[in-house]
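Close look at the chain arrangement
Below are the chains, spelled out letter by letter.
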Amino acid sequence: MYPAFIHTQTTARNIDHAAIKTYQIPSLILMEHAALKSAEIIEQIANTNQSICILCGPGNNGADGLAIARLLQPKYPNLYVVVPEIKKMSEDEKIQFQMIQNLKIPFSQNLPNVTYDIYIDCLFGNGLSRDITGFYKTMIQNVNTSHSTIISIDMPSGIDSTMGNVLGCAIHADYTISLDCYKQGQWLNEGKNHCGKLYLVDIGIPQILHQKCMDKIKILNEEDIHLPNRPLNAHKSTFGKALMIGGSQNMHGAIHMASLSAYKSGIGTLTLMVPECISNVLAIKSDFYMLLQCADRNGIFSSKAIDLLKQNINNYSIISIGNGMQKNNITIALVEQALKSDKKIVLDADALWAAQKNIELLKRSETTILTPHIKKCPI
Ligand SMILES: NC(=O)C1=CN([C@@H]2O[C@H](COP(=O)(O)OP(=O)(O)OC[C@H]3O[C@@H](n4cnc5c(N)ncnc54)[C@H](OP(=O)(O)O)[C@@H]3O)[C@@H](O)[C@H]2O)[C@@H](O)CC1
Ligand SMILES: [K+]
């Protein structure tokens, strides 16, 4: 499978430029790959008797659209191209535009009054730099209300490719074909909602450029997940002993749900360290964990939790902490103690808040996994 990298607008652009400048791959070659791969996917979505309208903006996203038109023309007799800003075209787009004129593909500067079965959105891609207004806005609104199928190339036009915000207005795509790498904005905020089904295609950019770049976010494929084999003669100690610390009077569901994940992942033994006030509820909920109860105070861990953890921590190989704990000084102290230990640590929920108080402690030699919701971890 093609490796799935995810980049910001700037990094994706720098990678494109490096492919062209450093590796001397002409941008028209990259564009041809982009168009060939996109056309292949479009052919899976659109029947040849359907009408297709390709909207081409003033940059290289628009140039992609013209190249796609050229490739689709032999199979789709009812194909139309809209190029609103002929005078502003990029250099590559001028070349692509000449080719579609040579092939006598029909075009105009305005959206025709008829509705097409399929719209291919190549208005703006990774180069969108400000709010969409004026005739582009009207065009996007008309296409969005057409009830036709919309396929966006690289980005749904109007979505900021780094943060996924709508800039003025944005295409609501049914499908988005992302070129070379995923863009962060396809996964964040409104972007997720506007992409529809997301495809990723290889356009011939050297992989090394992705590996060298600074963004550290990666989409996991199935091949990235390596669960160890479970030998037939194994016993519970073979698969590690986990301690999950969390819970409070008003939040006992979170640690229970987290414990289900630990159980499903195949942990050998699982112990929940919880305030006494919720231990009866948890004992009824499940058979697969043991409980390490701690005196509570006002529905949360009392300060006795600190000594309790000290006495017991060495019985476990991995500690997970944070679910439903609430934000308070005991949480901060327990997180600090866990981070100072030589155990593998998973920090979740309120423990992420607590870890901010002592950020230096995150520099550990043992594995430390942070599991923030995206809104708790702004990029
Ligand atoms: N480089 C490569 O190797 C490859 C690139 N590829 C393709 O190129 C795409 C990136 O191309 P790109 O950089 O030309 O940007 P693009 O998204 O077409 O838009 C820029 C144009 O839009 C304009 N503009 C911006 N915002 C606007 C607004 N709100 N309202 C109105 N105008 C606005 C902006 O004008 P300006 O800001 O300069 O006034 C400029 O004219 C990428 O997504 C992929 O599809 C592939 O072919 C593979 C090879
Ligand atoms: K687009």
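Structure: above.
Since we're looking at a predicted model, the values are computed, not measured. (Residues numbered from 1 in each chain as written. Chains lettered and ligands numbered in written order. Predicted model: local features only at pLDDT ≥ 70, side-chain atom pairs only at ≥ 80, totals over all residues. Heavy atoms only, no water.)

**As for the overall build of the protein chain**
Of the regular secondary structure elements, the protein chain holds twelve helices and 17 strands. The globule rule puts the C-alpha radius of gyration for 379 residues at 21 Å, and the 27 Å found for the protein chain is more than 25% above it. Put simply, the protein chain has 379 residues, and 49% of those count as buried. For the protein chain, the accessible surface area stands at approximately 19100 Å², while carbon and sulfur atoms represent 52% of it. (Helix = DSSP H or I, 4+ residues; strand = E, 2+ residues; numbered from the N terminus. Rg over C-alpha atoms; globule rule 2.2 N^0.38 Å. Buried < 20%, exposed > 50% of the residue type's maximum accessible area, 1.4 Å probe, protein only. Areas by Shrake-Rupley, 256 points an atom, 1.4 Å probe, with all protein chains shown as cover.)

**Considering helix H8 (residues 253-265)**
For H8, which comprises 13 residues, the first-to-last C-alpha distance of 19 Å matches the rise-based estimate of 18 Å (1.5 Å per residue) to within 8%. Taken together, the buried residues of H8 touch strand S10 (241-245), strand S11 (269-275) and helix H9 (276-285). A positive phi of about 100° marks Gly 266, the residue just after H8. (Expected span 1.5 Å × (residues − 1). Contact = heavy atoms within 4.5 Å.)

**Here we look at the packing of aromatic side chains**
Within this structure, the stated rule accounts for nine aromatic pairs. Arranged with centres 6.1 Å apart and planes meeting at 25°, the rings of Tyr 80 and Tyr 116 form a pair that is stacked. With Tyr 80 in strand S3 (residues 79-82) and Tyr 116 in the loop between strand S4 (107-108) and strand S5 (118-122), this residue pair connects regions lying 36 residues apart in the sequence. Looking at Tyr 80, the relative accessible area reads 17%, which means it is buried. Overall, Tyr 116 belongs to the buried group, its relative accessible area being 8%. Members of the aromatic cluster, each reached through a chain of ring pairs, are Tyr 80, Tyr 116 and Tyr 119. Positioned above the aromatic ring of Phe 239 is the side chain of Arg 230, whose terminal nitrogen or guanidinium carbon lies 3.7 Å from the ring centre. (Phe/Tyr/Trp six-rings, centres within 6.5 Å; stacked < 30°, edge-to-face > 60°. Lys NZ or Arg CZ within 6 Å of the ring centre and 35° of its normal.)

**Let's talk about the nonpolar core**
The biggest cluster of nonpolar side chains holds 41 residues, and the ones touching the most others in it are Ile 52, Ile 54, Leu 72, Val 81, Ile 120 and Ile 177. Non-local contacts of Val 81, meaning those with residues more than four positions away in its chain, are made with Ile 54, Cys 56, Leu 66, Ala 69, Ile 100, Ile 105, Pro 106, Phe 107 and Ser 108. Judged by nonpolar contacts, the second largest core, of 27 residues, contains Leu 243, Ile 245, Ile 332 and Leu 347. (Core = buried A, V, L, I, M, F, W, Y, C linked by side-chain atoms within 4.5 Å.)

**Thoughts on helix H4 (residues 91-102)**
Taking 1.5 Å as the rise per residue, H4 with twelve residues should run 16 Å; its terminal C-alpha atoms sit 17 Å apart, in good agreement. Those residues of H4 not exposed but buried are Asp 92, Glu 93, Gln 96, Phe 97 and Ile 100. The arc that holds every buried residue of H4, seen down its axis, measures 135°, which confines them to one face. In this structure, H4 carries Glu 91 and Asn 102 as exposed residues pointing more than 90 degrees from its buried face. Where H4 is buried, its residues contact helix H2 (27-45), strand S2 (52-56), helix H3 (60-72), S3 and S4. (Arc of directions from axis to C-beta.)

**Regarding the coordination of the potassium ion (ligand 2)**
For the potassium ion (ligand 2), the full set of protein donor atoms is Asn 61 (OD1), Asp 121 (O), Phe 124 (O), Ile 153 (O), Met 155 (O) and Ser 157 (OG), and the range of their distances to it is 2.6 to 3.1 Å. Taken together, the six donor atoms coordinating the potassium ion (ligand 2) span angles of 64 to 170° at the metal, a pattern that classifies the geometry as irregular. If you list the donors of the potassium ion (ligand 2) from N- to C-terminus, the spacing comes out as N-x59-D-x2-F-x28-I-x1-M-x1-S. A residue pair is termed long-range when its members are at least 10 positions apart, and Asp 121 in strand S5 and Ser 157 in the loop between strand S6 (149-153) and strand S7 (175-179) qualify at 36 residues. Neither residue differs from the other here; Asp 121 and Ser 157 are each classed as buried. (Donors = N, O, S within 2.8 Å, 3.2 Å for Na, K, Ca; no water. Tetrahedral: all angles 85-135°; square planar, octahedral: opposite > 155°, others 65-115°.)

**With respect to the site of ligand 1**
Residues in close proximity to ligand 1 total 22 residues, the closest being Asp 64, Gly 125, Asn 126, Arg 130 and Asp 154. Note that an oxygen atom of ligand 1 is positioned 2.4 Å from one of the side-chain N or O atoms of Asp 64. Between ligand 1 and Lys 88 there is a distance of 3.0 Å, counted from an oxygen atom to a side-chain nitrogen or oxygen. The protein chains hide 81% of the 930 Å² of surface that ligand 1 would expose on its own. (Near = heavy atom within 4 Å. Polar contact = N/O pair within 3.5 Å; in protein donor to acceptor, adjacent residues only side chain to side chain.)

**Observations regarding the packing of helix H10 (residues 304-312) against helix H11 (residues 329-340)**
Two elements in contact, H10 and H11, have axes whose closest approach is 9 Å; the angle formed by their N-to-C orientations is 15°. By the angle between their axes, H10 is roughly parallel relative to H11. In the crossing of H10 with H11, the sense of the turn from one axis to the other is right-handed. Residues Ala 305, Ile 306, Leu 309 and Lys 310 of H10 pack against Ile 330, Ala 333, Leu 334 and Gln 337 of H11. (Axes fitted to C-alpha atoms, helices over the stretch in contact; angles between N-to-C directions. Parallel < 35°, antiparallel > 145°, perpendicular 65-115°, else oblique. Left-handed = near helix turned anticlockwise from the far one by under 90°.)

**Side note on unusual backbone geometry**
Notably, Gln 24 is not glycine yet its phi reads approximately 55°, a positive angle. With respect to the helices and strands, the residue Gln 24 is situated in the loop between helix H1 (9-21) and H2. With a phi angle near 75°, Asp 180 is a residue other than glycine that sits in the positive phi range. Among the structural elements, Asp 180 can be located in the loop between S7 and strand S8 (182-183).

These figures come from the coordinates and say nothing about function on their own.
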